[in-house]
Amino acid sequence: MKPLALAMTLLCWAQTAQAHPHVFIDTGLEVIFDSQHRATGLRITWSYDDLTSLQIITDKGLDPDFDGNLTPEETTQLNGFDMHWDAGYPGDTYASMAGQPLPLAGPSDWTVAYKDAKILSTHYRSFAQPIEITQPLLIQVYDPTLYVGYYLKLGTNLTNATGCTARTLLPDLDAARAKLDAAIAALPQDAEAAYPELGADFAEAMEVTCRPN
């Protein structure tokens, strides 16, 4: 199941073809390295927007006194609400090096909190095998259909990454919008058509570079 899919099902949200996000998620990325200076996995943080958080909390019957806090029992009920994915689903997170995709395992070691009227969830995803970064490692978080908008507002971090640095790359939004407009204009008018999957063109990216050992 996709992130938010469970919540969307419960809330009867229909993912119609739209040209802008309807769910907004502030995102944080942490790349974790081993003692051999290889990238082993990612810690991903999602902070859901106020409205989405309220809808999820309300639908699940949590925080009935509306004080903005969850009891330990309520937090346990919420934990993992966005972590049950269909097999093969990429989790809206994509890693690559030299143009080649780097497979990631499914989510594990997830957490959840509810603070300041927002749901904050984290999860860990390991690479299929440790990665020696000989060329820039690129990580993007995006929904191909743009229904969900992800933004790297929670920062990018490296752990145990001796000799490595990270920076955030911003998309060319003018070019991305022009490409999306052209793709929408080319859709058939007399039949239901799949929405153009151009989320990657709008996505911010974390780029990690490392000095040779």
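Cut-offs used in this document
Residues numbered from 1 in each chain as written. Predicted model: local features only at pLDDT ≥ 70, side-chain atom pairs only at ≥ 80, totals over all residues. Heavy atoms only, no water. Disulfide = S-S within 2.5 Å. Helix = DSSP H or I, 4+ residues; strand = E, 2+ residues; numbered from the N terminus. Buried < 20%, exposed > 50% of the residue type's maximum accessible area, 1.4 Å probe, protein only. 1 Å grid on protein atoms, 1.4 Å probe; cavity = no way out; pocket = protein on both sides within 12 Å on 5 of 7 lines; lining within 4 Å. Points joined across faces, edges and corners; volume = space filled by probe spheres on them. Nonpolar A, V, L, I, M, F, W, Y, C, P; charged D, E, K, R; others polar. Expected span 1.5 Å × (residues − 1). Polar contact = N/O pair within 3.5 Å; in protein donor to acceptor, adjacent residues only side chain to side chain. Pairing = 2+ DSSP bridges. Salt bridge = Lys/Arg side-chain N within 4 Å of Asp/Glu carboxyl O.

Student: Just checking my understanding: could you explain the state of the cysteines for this structure?
Tutor: Between two cysteines, a covalent bond joining their sulfur atoms is known as a disulfide. Enumeration over the complete set of coordinates arrives at one disulfide. Paired through a disulfide, Cys164 and Cys210 show a sulfur-sulfur distance of 2.0 Å. Sign of the S-S torsion, about 110° for the bond between Cys164 and Cys210, identifies this disulfide as right-handed. Of this pair, Cys164 sits in strand 10 (residues 164–169) while Cys210 sits in strand 11 (residues 205–210), and the two are 46 residues apart along the sequence. With a relative accessible area of 14%, Cys164 lands in the buried category.

Student: Explain the environment of Phe66 to me, please; I cannot follow it from the model alone.
Tutor: By secondary structure assignment, the location of Phe66 is in the loop between helix 2 (50–59) and helix 3 (72–78). Residue Phe66 is classed as exposed on the basis of its relative accessible area of 63%. Along the chain, Phe66 and Ala117 lie 51 residues apart, while their C-alpha atoms are 9.6 Å from each other.

Student: When you look at empty space enclosed by the protein in this model, what are you seeing that I'm missing?
Tutor: Empty pockets left among the atoms are what a rolling probe the size of a water molecule brings to light. As enumerated under the stated definition, the model contains two cavities of 30 Å³ or more in all. Considered as a void within the structure, the second largest cavity measures approximately 30 Å³ in volume. Every residue along the wall of the second largest cavity is listed here: Leu54, Ile57, Thr58, Leu62, Asp63, Phe66 and Tyr114. For the lining of the second largest cavity, the element with the most residues is helix 2, which contributes three residues. When its residues are assigned to classes, the lining of the second largest cavity shows five nonpolar, one polar and one charged.

Student: In this structure, what is going on with helix 4 (residues 173–185)? I would like to understand it.
Tutor: An α-helical segment advances 3.6 residues per turn. Residues three or four places apart therefore align on the same side. Here helix 4 is 13 residues long and its end C-alpha atoms lie 18 Å apart, about the 18 Å a rise of 1.5 Å per residue gives. Measuring from the backbone nitrogen of Asp174 back to the side-chain oxygen at the start of helix 4 gives 3.3 Å, which picks out Asp172 as the cap.

Student: Explanation requested: the pairing of strand 5 (residues 108–115) in the structure shown.
Tutor: The side chains of a regular strand alternate, first on one face of the sheet and then on the other. As paired elements, strand 5 and strand 6 (residues 118–131) share six bridges and run antiparallel to each other. Within strand 6, the residue paired with Val112 across the bridge is Ser121. Here strand 5 folds back onto strand 6 in antiparallel fashion, the turn holding two residues, of which Asp116 has a positive phi close to 55°.

Student: Please clarify how the pattern of salt bridges should be interpreted in this entry.
Tutor: Side chains that differ in sign of charge can pair as their charged atoms come close. Applying the stated criterion across every chain, the model contains six salt bridges. One salt bridge in this structure joins Asp50 and Lys118, with 3.8 Å as the shortest N-O distance. Separated by 68 residues along the polypeptide, Asp50 in helix 2 and Lys118 in strand 6 bring together distant segments of the chain. Relative accessible area serves as the criterion here: at 41%, Asp50 is assigned to the partly exposed category.

Student: Can you walk me through the layout of surface pockets in this structure?
Tutor: What the largest pocket holds in volume is close to 360 Å³. Surrounding the largest pocket, 21 residues form its lining, Pro21, Leu146, Tyr151, Leu173 and Phe202 being those nearest its centre. Of all elements in the fold, only strand 8 (148–151), helix 4 and helix 5 (199–202) reach the threshold of two or more residues within the lining of the largest pocket. Residues of the lining of the largest pocket, tallied by class, amount to 14 nonpolar, three polar and four charged.

Student: Where do I start with unusual backbone geometry in this structure?
Tutor: Trans peptide bonds make up most of the peptide bonds, and negative phi angles are found at most residues other than glycine. Positive phi outside glycine occurs at Phe66, with the angle close to 55°. The backbone of Asp116 shows a phi angle near 55°, a positive value even though the residue is not glycine. For Asp116, the position within the fold is in the loop between strand 5 and strand 6.

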